[in-house]
Amino acid sequence: MTDHEVLDRIAAHVRDDAAFLVITGAGVSADSGLPTYRGVGGLYDDADTPDGVPIEEAMSGAMLRRRPELTWRYLRQIEEACRGAGPNDAHRGIARLQRRLTRCTVLTQNVDGFHQAAGATDVIAIHGDVHRLFCPQCGWQDRVEDYRELAPLPRCPRCAAVIRPDVVLFGELLPDAAVRALEATMRRGVDVVLSIGTTSVFPYIAGPVDFVVRTGGFAVEINPGDTAVSGRVNARLRLGAADAMRQLWAHLDAEDLRAP
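Trainee: I'm lost on the pairing of strand 2 (residues 104-108) in this one. Help?
Mentor: Put simply, side chains in a regular strand alternate between the two faces of the sheet. Among the five residues in strand 2, five count as buried, and that is most of the element. Burial along strand 2 is two-sided: Cys 104, Val 106 and Thr 108 and Thr 105 and Leu 107, pointing in opposite directions, are all buried. Of the pairings in the sheet, the one linking strand 1 (residues 20-24) to strand 2 comprises five bridges and is parallel in character. For Phe 20, the partnering residue across the bridge sits in strand 2 and is Cys 104. Sheet topology places strand 2 next to strand 3 (residues 123-125); three bridges connect them, and they run parallel. Residue pairing in the sheet places Leu 107 in a bridge with Ile 124 of strand 3.

Trainee: Mind showing me how you'd approach the side chain of His 115 here?
Mentor: Position of His 115 among the secondary structure elements: in helix 6 (residues 114-117). In this view, His 115 contacts Thr 24, Val 28, His 91, Ile 94, Val 106, Thr 108, Ala 120 and Val 123; residues no more than four positions away in its chain are not counted.

Trainee: Where do I start with the nonpolar core in this structure?
Mentor: Buried together is how nonpolar side chains tend to be arranged in soluble globular proteins. Of all hydrophobic cores here, the largest spans 35 residues; its most connected members are Ile 10, Phe 20, Val 22, Leu 97, Leu 194, Ile 196 and Val 220. Of all elements in the fold, only helix 1 (3-15), strand 1, helix 5 (89-100), strand 2, strand 7 (192-196), strand 8 (218-222), strand 9 (235-237) and helix 9 (241-258) reach the threshold of two or more residues within this core. Take this core: its biggest share by element is seven residues, from helix 9. Core analysis: the next-biggest nonpolar cluster, separate from the first, contains 23 residues, Ile 78, Tyr 147, Cys 156 and Val 167 among them.

So, how was this worked out
- Residues numbered from 1 in each chain as written.
- Predicted model: local features only at pLDDT ≥ 70, side-chain atom pairs only at ≥ 80, totals over all residues.
- Heavy atoms only, no water.
- Buried < 20%, exposed > 50% of the residue type's maximum accessible area, 1.4 Å probe, protein only.
- Helix = DSSP H or I, 4+ residues; strand = E, 2+ residues; numbered from the N terminus.
- Pairing = 2+ DSSP bridges.
- Contact = heavy atoms within 4.5 Å.
- Core = buried A, V, L, I, M, F, W, Y, C linked by side-chain atoms within 4.5 Å.

Have a look at this one:
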């Protein structure tokens, strides 16, 4: 199937008002200047951190409890990578798709909040949001634009315990509310899934793709490289996320102009 044929198929479902699930990963934020490789938010390659431990260990819930100052060092680096960046054409195109469809849910692994900043509303942030802070001891919560004003080891203004961002660290469970929201979306039914900019290595990311294919829906992968679901989808666009969404909207706009 050529790219034009894939775009035709997606556009046909958009006109049919089908239920969409858009699944996004780090590749969606690549054109915003954020890295796409290893680690929460994608900051590290295969080498250990300067502290001599793998990023998965440094950014784990266990390490946050044992050596919070070390985990916060890398949390700051992740937040700093997001700082000053914002939504790109991929985020804006997905938000526009939501406005066009009756049902379109975004399931994102990204913690940067760019989907919401672009105007997306029905967003399941399965790994959390780096800008939301909370205290695991007393429940204090806050939202910050960035970490510039935080102490090196931030503490709760109410009880003085070490606070943390509302993100899923390595070894931690997914948030119940996000899991329930995803389950509810799948129960309502999904006709089309667009998997964009993700390697789909987690079962809760690959699972919805497999479900849609198995139930006769249409699953499209948008990714320049091969991933865990590349051989299982109905169609592929070997494009970057922003380029793909620009092409999709050019296609849809052209269709609109030709409509009677």
